[in-house]
Amino acid sequence: MFKINPSRLRYLLDLYKLSKGEFLNLLNRNKKRDVVSLESLNEILDQREKVSESLLKRIDKIFEKGISWYVTNRGIPDVKKSSIFFRKDIFNSEIKLESIKIVNKYEELSTDIKILGNYINFVSVKTIKRYKLVDNPENVALEISSLVLKIENDLIEKKIIQKIKLGDSRGYLKNLIRTLEQLDIFVFEHLEMPRKKDKVNFNGFFIGPNMIVIKKQHIRREIFTLVHEFSHYILEQEEIDDVIEEKTNFNKNKVEQWCNTFAFYFLLNNQKDKFKKLGQASKNNNFYREAIEYLHNNTFLSYSAFYTRLRIEEKISEKDYKKIMEEISQIIKKNKEEEKEKRRRENEKRVAAGKEPIHPTFKAIESSLLKELVKINYFEGNINENSLREYLKIKPEKNIIDVIY
């Protein structure tokens, strides 16, 4: 039997914004009889009642902190420093339990990064000046895109990254991540398994001072999300965001309005003049479909991003905007269904030929900045092989030599 550290359990209830009743509902879910009553929970929090290992495991199914986390005597040193959820009350996404869990895991990684940095005297320095909301986001986007392009060209010249073709969206995303790492920004791509029941409901988030996390999704939306979160870094404004490229109601939120504008014009880059020439989109000009097709093919912005920007700048009516966005949504849905059907037919042919079916594999873009930080700490003896494998997600059967050299 174990005594739970009540300050730690209360911390989790506050972090997840769970009342005792809500916590008990999660704890007793799918059980004919209650595992814990309100009376027992109060006694556990007052340390008058011990808990079994099976109950600890059931609690940990909710929070995934590891059993030892609940029973250690150490308190939480600084609540505000520990989580964005104690530093902010309102977010641009209705945060679900699974999202809080994932954000908190990256926050713990952020703390580990600071510790690993201290071991080797690595100090992250922000080389970009802090911009403010009074600064014009279009002008800032031009300044920053020039800086980013200079860094990218330098990396290409040193053969650290490869020059990509215009249509290579995934290649652009990888290059942009590698470029931002040169500014000491830790960028992580969060990958969710398709069959996972509980999904996160964020597209990306920025945690100060220098961590960006983006969810793997439709590639152009993911690129937009990365640049949007990068603009939060520029403003030094932490945030958790949902579907940002398709939001037109940012007028009440000046920070999000600024970040959305920055992201759009950063990605529009040298096509700005062509976009600015567009007037009122209507049936008379076929809603500029031809011009937007050209812009889509010459940037990494999505169709929805272009029409959303036209709506924000009041160059298309709300009625027409909604109709076009529905058309775009239907096209995306149809393309997904066709791709799924194509894979199904191909696998049927493979099975008929006595071959194994092929299932799509998903791999997140890794953080080379974290990899380098972990490798140096391992070589200097600050962390062991188990920690190295955990940080870099190296499977037990894989030789670490193949990964770290």
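Our subject in this report is the structure included herewith. Owing to the predicted nature of the structure, the values given are computational and were not obtained by experimental measurement. (Residues numbered from 1 in each chain as written. Predicted model: local features only at pLDDT ≥ 70, side-chain atom pairs only at ≥ 80, totals over all residues. Heavy atoms only, no water.)

A look at the side chain of E222
Checked against the element boundaries, E222 lands in helix α11 (residues 219–235). Of the residues examined, E222 reaches a relative accessible area of 0% and is grouped as buried. Among residues more than four places away in sequence, those in contact with E222 are R170, L173, E189, I214, K215, K216 and Q217. (Helix = DSSP H or I, 4+ residues; strand = E, 2+ residues; numbered from the N terminus. Buried < 20%, exposed > 50% of the residue type's maximum accessible area, 1.4 Å probe, protein only. Contact = heavy atoms within 4.5 Å.)

Remarks on the packing of helix α2 (residues 20–27) against helix α3 (residues 38–45)
Relative to each other, α2 and α3 sit at 110°, their axes nearing to 11 Å. Between α2 and α3, the crossing angle belongs to the class labelled roughly perpendicular. For the pair α2 and α3, the contacting residues are K20, F23 and L24 in the first and L38, L41, N42 and L45 in the second. Each residue belonging to the contact of α2 with α3 can be placed in one class, and the counts come to five nonpolar, one polar and one charged. (Axes fitted to C-alpha atoms, helices over the stretch in contact; angles between N-to-C directions. Parallel < 35°, antiparallel > 145°, perpendicular 65-115°, else oblique. Nonpolar A, V, L, I, M, F, W, Y, C, P; charged D, E, K, R; others polar.)

As for the packing of aromatic side chains
Taken as a whole, this structure holds 21 aromatic pairs when the rule is applied. With centroids separated by 6.1 Å and ring planes inclined at 40°, the aromatic side chains of F275 and F306 adopt a geometry described as tilted. Of this pair, F275 sits in helix α13 (residues 272–276) while F306 sits in helix α15 (residues 303–312), and the two are 31 residues apart along the sequence. Classification of F306 by relative accessible area gives buried; the value is 0%. Residues Y378 and F379 carry aromatic rings whose centres are separated by 6.0 Å and whose planes lie at 55° to one another, so their mutual orientation is tilted. Among the residues examined, Y378 registers a relative accessible area of 23% and is labelled partly exposed. The rings of F206, F230, Y233, W258, F262 and F266 are connected pair by pair, giving a single aromatic cluster. Positioned over the ring face of F86 is K17, at 5.9 Å from the centre of the ring. Above the plane of the ring of Y233 lies K126, whose end atom (NZ or CZ) is 4.8 Å from the centre. (Phe/Tyr/Trp six-rings, centres within 6.5 Å; stacked < 30°, edge-to-face > 60°. Lys NZ or Arg CZ within 6 Å of the ring centre and 35° of its normal.)

Points about the sheet that holds strand β2 (residues 204–207)
What the four strands build is an open sheet, ordered β1-β3-β2-β4; its pairing is mixed. Edge positions in the sheet fall to β1 (186–190) and β4 (239–241), since each of these pairs with one other strand and no more. Across this sheet, the average inter-strand angle for adjacent strands is 10°, counted without regard to direction. The sheet contacts of α11 involve β1, β2, β3 (211–215) and β4, and relative to β3 the element is tilted by about 160°. (Pairing = 2+ DSSP bridges.)

Comments concerning helix α12 (residues 254–268)
Its 15 residues give α12 an end-to-end C-alpha distance of 21 Å, which sits within 8% of 21 Å, the value for a rise of 1.5 Å per residue. Of all 15 residues making up α12, 13 are buried, and the element is well covered by its neighbours. Sitting at the amino-terminal end of α12 is N253, which places a side-chain oxygen 3.2 Å from the backbone nitrogen of V255. Positive phi appears at N269, one or two residues downstream of α12, with a value of about 50°. (Expected span 1.5 Å × (residues − 1). Polar contact = N/O pair within 3.5 Å; in protein donor to acceptor, adjacent residues only side chain to side chain.)

A short note on the layout of surface pockets
Picture a little ball the size of a water molecule; that probe, rolled over the atoms, points out where space is still empty. Computed from the structure, the largest pocket encloses a volume of approximately 1600 Å³. As for the largest pocket, its lining consists of 41 residues, of which Q217, H218, I219, I332 and K336 are closest to the centre. When residues of the lining of the largest pocket are traced back to their parent elements, those giving at least two are α11, α14 (289–297), α15 and α16 (318–352). Here the lining of the largest pocket gets twelve residues from one element, more than from any other, and that element is α16. Here the lining of the largest pocket is composed, by residue class, of 14 nonpolar, nine polar and 18 charged. Estimated volume of the second largest pocket: approximately 1400 Å³. Of all elements in the fold, only α8 (97–119), β1, α17 (368–379), α18 (385–392) and α19 (401–404) reach the threshold of two or more residues within the lining of the second largest pocket. Broken down by element, the lining of the second largest pocket gets its largest block of residues, seven residues, from α8. Of the residues in the lining of the second largest pocket, the class split is 14 nonpolar, two polar and 16 charged. (1 Å grid on protein atoms, 1.4 Å probe; cavity = no way out; pocket = protein on both sides within 12 Å on 5 of 7 lines; lining within 4 Å. Points joined across faces, edges and corners; volume = space filled by probe spheres on them.)

Quick look at the packing of helix α9 (residues 137–157) against helix α10 (residues 169–181)
Packing of α9 against α10 leaves a shortest axis separation of 9 Å and a crossing angle of 100°. In terms of their interaxial angle, α9 and α10 are classed as roughly perpendicular. On the side of α9, the interface is formed by V148, I151, E152 and L155, while α10 contributes N175, L176, R178 and T179. The residue inventory of the contact of α9 with α10, partitioned by class, reads four nonpolar, two polar and two charged.

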